[in-house]
Amino acid sequence: MSLVNDALKRARSAQPTDPPSRPTLWVGMLVPCVLVLGALLFLLMAWEIYSLNNREKVSETRAREMYPAAQTAPAQPPPVPPASVTPQPAAPPTAEIQSQPEGTPPSAALVAPPPAPAAPPMRLQAIIYHPTRPSVIIDGKSLFVGDRLGEWQVSTIHPESVVLAGSGQTKTLMLNN
């Protein structure tokens, strides 16, 4: 049996021996490439989640940058001082007043009522223009097309102006740059 074992040993030693095989270059680069791609995918997903959570904040910030007048808008319109009442000078007597019996007051039609105070002009503070749903801020109030502000109704909103309609008239308010 030792002859058989010796013959097997000689046969093994006579065979050419291959050096242990080394992994090729692409196998060695596979692990770092997979790690870099995984990190990029993770960063992309984190950016998407951040963008979704902060999209509204970003749009508000952009609107403030584009329309700085909306930031400085007062919360309430400034108070209007009450109109002072001054006595009207007496009208010269007319024939109609003289023909009235004594003791009766003059006709109310002869005394003119004081003029009504003029309404303060509306102030266009900002336009948030979007083709499907534009809006404006007038005197601190946010309005859309069709909304009313007093006797005026918002009829059209353009990127730089707004058209109001009311009592058979139209009024165009422009943004002050």
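Residues numbered from 1 in each chain as written. Predicted model: local features only at pLDDT ≥ 70, side-chain atom pairs only at ≥ 80, totals over all residues. Heavy atoms only, no water.

A.B. asks: Which parts of the structure should I look at to understand the sheet that holds strand 2 (residues 135-138)?
C.D. replies: Sheet strands pair by backbone hydrogen bonding; their relative direction is either parallel or antiparallel. Strands sit in the order 1-2-3 across an open sheet of three strands; the sheet is antiparallel. Both edges of this open sheet fall to strand 1 (124-128) and strand 3 (141-144), since each of them pairs with a single strand only. Going across the sheet, the axis of each strand differs from the next one's by a mean of 25 degrees, ignoring polarity. Where strand 2 and strand 3 come together, four bridges link them in antiparallel fashion. Residue pairing in the sheet places Ser-135 in a bridge with Phe-144 of strand 3. (Pairing = 2+ DSSP bridges. Helix = DSSP H or I, 4+ residues; strand = E, 2+ residues; numbered from the N terminus. Axes fitted to C-alpha atoms, helices over the stretch in contact; angles between N-to-C directions.)

A.B. asks: Whenever I open this one, the sheet that holds strand 6 (residues 161-166) confuses me. Can you help?
C.D. replies: Within the open sheet, the four strands sit side by side as 4-5-6-7. Their pairing is antiparallel. Unpaired on one side and paired on the other, strand 4 (148-149) and strand 7 (169-174) mark the two borders of the sheet.

A.B. asks: Sorry if this is basic, but what is going on with the side chain of Ser-161 here?
C.D. replies: Along the chain, the position of Ser-161 falls in strand 6. When sequence neighbours within four positions are dropped, the list of residues in contact with Ser-161 reads Ile-127, Thr-172, Leu-173 and Met-174. (Contact = heavy atoms within 4.5 Å.)

A.B. asks: Even after reading the chapter, I still don't get the nonpolar core, so can you show me in this structure?
C.D. replies: Considering soluble globular proteins, one finds that nonpolar side chains tend to be buried as a cluster. Met-122, Leu-124, Val-136, Ile-138, Val-162, Leu-164 and Leu-173 are the most contacted members of the largest nonpolar core, which has 14 residues in total. When residues of this core are traced back to their parent elements, those giving at least two are strand 1, strand 2, strand 5 (152-157) and strand 6. Sorting elements by how many residues they give to this core places strand 5 first, with three residues. The contacts of Ile-138, once residues within four sequence positions are left out, are Met-122, Arg-123, Leu-124, Gln-125, Leu-143, Leu-149, Val-162, Leu-164 and Leu-173. (Core = buried A, V, L, I, M, F, W, Y, C linked by side-chain atoms within 4.5 Å. Buried < 20%, exposed > 50% of the residue type's maximum accessible area, 1.4 Å probe, protein only.)

A.B. asks: I keep staring at the packing of aromatic side chains and nothing clicks. Help me out?
C.D. replies: Centre distance and the angle of the planes are the two values used to describe a pair of aromatic rings. Using the criterion set out here, one finds one aromatic pair in the structure. An angle of 35 degrees between the planes, with centres 5.7 Å apart, marks the rings of Trp-47 and Tyr-50 as tilted. Pair noted here: Trp-47 and Tyr-50 are both in helix 2 (residues 25-66), with a separation of three residues, about one helical turn. When the ring centre of Phe-144 is taken as reference, the NZ or CZ atom of Arg-133 above it lies at 3.9 Å. (Phe/Tyr/Trp six-rings, centres within 6.5 Å; stacked < 30°, edge-to-face > 60°. Lys NZ or Arg CZ within 6 Å of the ring centre and 35° of its normal.)

A.B. asks: Is there a simple way to think about a nonpolar patch on the surface in this case?
C.D. replies: A cluster of nonpolar residues, Val-36, Leu-37, Leu-40, Phe-42 and Leu-43, forms a patch on the protein surface that exposes about 550 Å² of accessible area. Here Leu-37 falls in the exposed class, since its relative accessible area comes to 58%. (Patch = residues over 30% accessible without salt bridge, like charges linked within 9 Å, V, L, I, M, F, W, Y side chains within 5 Å. Areas by Shrake-Rupley, 256 points an atom, 1.4 Å probe, with all protein chains shown as cover. Salt bridge = Lys/Arg side-chain N within 4 Å of Asp/Glu carboxyl O.)

A.B. asks: Help me out: how do you make sense of the side chain of Ser-135 in this one?
C.D. replies: Mapped onto the secondary structure, Ser-135 falls in strand 2. Discounting residues that sit within four places of it in the chain, Ser-135 has contacts with Ala-126, Ile-127, Ile-128, Leu-143, Phe-144 and Ile-157.

A.B. asks: Please clarify how the pairing of strand 6 should be interpreted in this entry.
C.D. replies: Regular strands place their side chains on alternate faces of the sheet. For strand 6, the tally of buried residues reaches five of six residues, placing the bulk of the element in the interior. When strand 5 meets strand 6, the two strands line up antiparallel, connected through four bridges. Directly across from Thr-156, in strand 6, lies its bridge partner Val-163. Here strand 5 folds back onto strand 6 in antiparallel fashion, the turn holding three residues. Here strand 6 pairs with strand 7 via six bridges, running antiparallel. Bridge pairing links Val-162 to Leu-173 in strand 7. Joining the antiparallel neighbours strand 6 and strand 7 is a turn of two residues, in which Ser-167 adopts a positive phi near 45 degrees.

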